[in-house]
Structure formats: C-alpha cells, structure tokens
There are 2 protein chains.
Amino acid sequence: MSRVVAERQDVITMLAEIFREHGYDGASLSLITEKTGLGKGSLYHFFPRGKEEMAEAVLGDIASWFQTNIFNRLRNSEPPAAAIDDMFASVDSYFRQGRRLCLMGVIATSGAHDRFSAELNRYFADWRTALAEAFGRQGIAEDERKALAEEVIGGIQGALILARSLGDPQAFGRVLTRLKARCTLSHN
Amino acid sequence: MSRVVAERQDVITMLAEIFREHGYDGASLSLITEKTGLGKGSLYHFFPRGKEEMAEAVLGDIASWFQTNIFNRLRNSEPPAAAIDDMFASVDSYFRQGRRLCLMGVIATSGAHDRFSAELNRYFADWRTALAEAFGRQGIAEDERKALAEEVIGGIQGALILARSLGDPQAFGRVLTRLKARCTLSHN
DNA sequence: CAAGGTCTGTACCGATCGGTAAACAATTTA
DNA sequence: TAAATTGTTTACCGATCGGTACAGACCTTG
C-alpha cells in the first residue's frame, strides 16, 4: 500500500551492510546518513531510540532470516542429510562465498557486545539446537550431536574471519566443503 | 636499566587487553588513559602517531609472541605430533580457556580492518604455513596440509566467537579437543 | 650542581559524536 | 477539503572524539 521513498525494511537492509562493513562503533550516524541517503530526522523517525535500536532491528531481521531459511529447514526438511546440505548451500550464498562477514560475529567481537548479548546468545544457541537435532535424525549419537554442531558453526564463523584476513574469499569455500564432508560421513 | 614507572612493554600489554575488550573504535583515548592510568602526554610519548601506532605496537607484540611460542615450535619441535599438541595447549592457555578473544580476529571484524590488513594477513598466513609444514612432517599429503591448517586455524577463531556469544567459555575447549583429534588421527 | 633528556599532567584545539527540536512537506483519513 | 498522520529537512545541542602544546617533574649524566 505504502509507496513512500524508503521502507523501513529497505533501511534495515542498508544498515546491515553498513554495520557489517564498519562495525557498531565504526558506523557513525553521519556515515549512516551518507550511505542511506536519509537525514537524521528520517532515521530517528524509524528508530526513535537511535543507533542501538537500528542495530537491534538489523539483528532481529537477520535472526528471523536464519530462523526461516536455515533453522526451520534443518528441523523440517527430509532427509536430514539433504537438510544439512541445504544449510551449507544457503550459508555459502548468504555470506557471498566468503566475501561477507557475519554481523553476529562482528558484534560479538566488538565493544558493543554486552548490549546485544541476548541476541547473540539466541542466534548461536538456536543454530546449535537445530543443527544438533538434524544430526539426531541422521542417527548421530546423543553426545556427539552438540559437539559436532559447535564445531561446524564455529568453523563457519572462523572461516569468514580467515577468508577476510587472508584476503582470500575462497578459503571460506574450502573450509565449508570440509565441514560439510564432516557432517555427511559422520563415522567417528 | 630503566626503572621508570611505566615501561613501554607494560603499556602495550595493557593496551592489548583494552583493544580486545572494546575493539579498535571502541577504545577511546579517554578510556585508554583511564585503564592505563597514563595521561595523554605519556601515551603520545610512547606512541607519537597516536592510536594507530598503539594498535600497531600491540599487533606486532602479539605477532612476535606467536612466532616464538607457536610458529617456531611447530617448525622445530619433534616429533610433529607433539609439536601440534603443544600448539593446542599453548592456544588454550593463551586464550584463557575461551575467556579471551583473539585481537587479530577482533581487528579483522572491525571497521579498522583495512588499516591493519598487512598485519592480519601475515599472522594468519604464517600460522597456516607453519602448521601445514608440521602436517607435512607428519606425513599428511601435500594437498591436504593447507586445507587442514585452514580448518584448524579458522576453527580456533570461530570457537572463540562461539564461546563468547554463548556465554560458555567451555565451548572453546570442546571445539579445541575435536580439532586436535582431527590433527592427530589424520586418516582421511 | 647544572644541564639535557625522559616522562607526565593539564589545558586546550577543531572536528565529530549521538541525539533533539521544530518547521515543513507529503500522504492518508474523515 | 480539512484534519490528522507520516515522513523529511535543517539547524542546533552538549559531550566526546583524536590530537597538540607546553610547563614542569623526574632522572641521568657531565
């Protein structure tokens, strides 16, 4: 219905990229107004509590994307092996083959970490739960599930940092392939 | 010889912890003066180019610590399996069983990333080279070495983020144990 | 003890920070 | 069409930013 210039969702999408690229503290309001093309007035219209609310909105948006496209599919898709393959494909695409950082990781390693600890905790805990559950349906032992899920999710985060630091996005794909292999042939 | 109140090395050690905790952009000069107990005058005496030089000094200090205590031992210790075990023990201790972040990762995910890309690249590339070389002496195939090194180093980085985000430092140890197992029984 | 470097605290600089106020345009509703 | 709501611009606020200047304390030499 609304045909205004800027939808809140569009702003959130732009904010996500800005926070990803510059971090929470590095994303100043002047940088945000410049990159979004919106004045402070518009920004504070959408996010009355300012920068913190912007970040909350972005994190919430990301969390719900992962819920829909990753966690829920891990829970519902059959067979579980295909669900897990799907997860790796979605992750590779979402993180642009290693050229994009994970905003959750960016926030977790920033000074603003404390302010968003609830969101961070939920994101990683939900992912671990969903992945471990898929492992369970794959017949992996109870004890092994959570540990393997942590190895995989941590591995993804670390691979993003590695790819960026080495200036070699392909390193992300290489690690991803190995992690995937580790999931499918779960003999250990 | 010198018995001044604050040695440059002491300052660097404190700076490292401040940057780790608050990130590059989050570590303001007023926070630094507060945490170190040093006035701006002292800080700019040690680091005339200011904050950027402080970070360079810290990154250099960390790089040389890893060269000495991790990379060189990976290259020289025998047998290679013991060298790799040592690496995991040192890493676990250095990162305080998952309670401490890696400053290289912190910088890599911050907006200041570009300013320190050379240091980041060298750190991760050196680590990968040294670890892959140890794998070579262990008889791991040429093609496999680099890939396994990336999996392990990335896994360490990611485990730190995971541990912090979950508020569960022990997650770091759990992942570390699995990565170590993956190195020693390298049958694959 | 005098001199010169090594350190340190304080005051200050212009720029930018996150945030607020209010006038105004545009759109939707009555 | 009039009123109310929604969205945007602009100017401005006090606080803090990173950095500089400089006087003086401290320490080591001659």
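Just above sits the structure.
Summary of the structure given here. (Residues numbered from 1 in each chain as written. Chains lettered and ligands numbered in written order. Predicted model: local features only at pLDDT ≥ 70, side-chain atom pairs only at ≥ 80, totals over all residues. Heavy atoms only, no water.)

1. Description of the overall build of chain A
Item 1. Per the secondary structure count, chain A includes 9 helices and 0 strands.
Item 2. Reading chain A from its N end, one meets helices and strands in the order α-α-α-α-α-α-α-α-α.
Item 3. Relative to the compact-globule value of 16 Å for 188 residues, chain A shows a C-alpha radius of gyration of 18 Å, a close match.
Item 4. Within the span of chain A, comprising 188 residues, buried residues form 52% of the whole.
Item 5. Taking contacts inside chain A between residues at least 6 apart in sequence as the whole, the part at least 24 apart equals 64%.
Item 6. Of the charged side chains in chain A, 23 are positive and 24 negative; the average position of the first set lies 3 Å away from that of the second. (Helix = DSSP H or I, 4+ residues; strand = E, 2+ residues; numbered from the N terminus. Rg over C-alpha atoms; globule rule 2.2 N^0.38 Å. Buried < 20%, exposed > 50% of the residue type's maximum accessible area, 1.4 Å probe, protein only. Contact = heavy atoms within 4.5 Å. Lys, Arg positive; Asp, Glu negative; His and termini not counted. Charge placed at Lys NZ, Arg CZ, Asp CG, Glu CD.)

2. Some words on the packing of helix α8 (residues 142–166) of chain B against helix α9 (residues 170–184) of chain B
All names here are of chain B.
Item 1. Contact pair α8 / α9: the axes reach a minimum separation of 8 Å and the direction vectors enclose 170°. Taken together, the axis directions place α8 and α9 in an arrangement best described as roughly antiparallel. Touching Leu148, Glu151, Val152, Gly155, Ile156, Ala159, Leu160 and Ala163 of α8 are Ala171, Phe172, Val175, Leu176, Leu179, Arg182 and Cys183, all from α9.
Item 2. A breakdown of the residues in the contact of α8 with α9 according to their chemical character gives 12 nonpolar, 1 polar and 2 charged. (Axes fitted to C-alpha atoms, helices over the stretch in contact; angles between N-to-C directions. Parallel < 35°, antiparallel > 145°, perpendicular 65-115°, else oblique. Nonpolar A, V, L, I, M, F, W, Y, C, P; charged D, E, K, R; others polar.)

3. Points about the relation of the copies chain A and chain B
Item 1. The transformation that overlays chain A on chain B combines an axial shift of 0.0 Å with a rotation of 180°, and the residual RMSD is 0.0 Å. Overall, the copies show the geometry of a two-fold rotation axis. Ranked by how close their C-alpha atoms come to the rotation axis, the residues of chain A are headed by glycine 158 of chain A, at 1.9 Å.
Item 2. Mapped onto chain B, 100% of the interface residues of chain A are again interface residues, and the two copies thus contact each other with one and the same surface. (Least-squares fit on C-alpha atoms with pLDDT ≥ 70 in both.)

4. What to know about the nonpolar core
Grouped burial of nonpolar side chains is what soluble globular proteins tend to show.
Item 1. In terms of nonpolar packing, the biggest core is built from 135 residues, with Trp127 and Leu131 of chain A together with Trp127 and Leu131 of chain B touching the most fellow members.
Item 2. What leucine 131 of chain A contacts, discounting residues up to four positions off in sequence, is Leu74, Ile84, Met87, Ala149, Val152 and Ile153 of chain A. (Core = buried A, V, L, I, M, F, W, Y, C linked by side-chain atoms within 4.5 Å.)

5. Let's talk about the side chain of glutamate 151 of chain B
Item 1. Tracing the chain through its elements places glutamate 151 of chain B in helix α8.
Item 2. Once you skip the residues sitting within four places of it in the chain, glutamate 151 of chain B turns out to touch Glu151, Val175, Arg178, Leu179 and Arg182 of chain A together with Leu179 and Arg182 of chain B.

6. Considerations on the packing of aromatic side chains
All names here are of chain A.
Item 1. With the rule as written, the count across this model stands at 32 aromatic pairs over all chains.
Item 2. Measuring from centroid to centroid gives 5.3 Å for tryptophan 65 and phenylalanine 66, while their planes differ by 70°, and the two rings are edge-to-face.
Item 3. Owing to a relative accessible area of 1%, phenylalanine 66 belongs among the buried residues under this scheme.
Item 4. Ring centres of phenylalanine 66 and tyrosine 123 lie 5.1 Å apart, and the angle between their planes is 75°; on these two criteria the pair is classed as edge-to-face. Taken together, the residues span a long stretch of sequence, with phenylalanine 66 in helix α4 (residues 51–76) and tyrosine 123 in helix α7 (residues 117–137) at a distance of 57 residues.
Item 5. What makes tyrosine 123 buried here is its relative accessible area of 2%.
Item 6. Feature note: the residues Trp65, Phe66, Phe71, Tyr94, Phe95, Tyr123, Phe124, Trp127 and Phe172 constitute an aromatic cluster, connected by ring pairs.
Item 7. Positioned above the aromatic ring of tyrosine 24, the side-chain terminus of lysine 51 is 4.9 Å from the ring centre. (Phe/Tyr/Trp six-rings, centres within 6.5 Å; stacked < 30°, edge-to-face > 60°. Lys NZ or Arg CZ within 6 Å of the ring centre and 35° of its normal.)

7. Concerning the environment of arginine 115 of chain A
All names here are of chain A.
Item 1. Relative to the helices and strands, arginine 115 is located in the loop between α6 (103–108) and α7.
Item 2. Separated by 25 residues in the primary sequence, arginine 115 and isoleucine 140 place their C-alpha atoms 36 Å from one another.
Item 3. If sequence neighbours within four positions are ignored, arginine 115 has contacts with Tyr24 and Glu52.
Item 4. One polar contact links arginine 115 to glutamate 52, side chain to side chain, over a distance of 3.4 Å. (Polar contact = N/O pair within 3.5 Å; in protein donor to acceptor, adjacent residues only side chain to side chain.)

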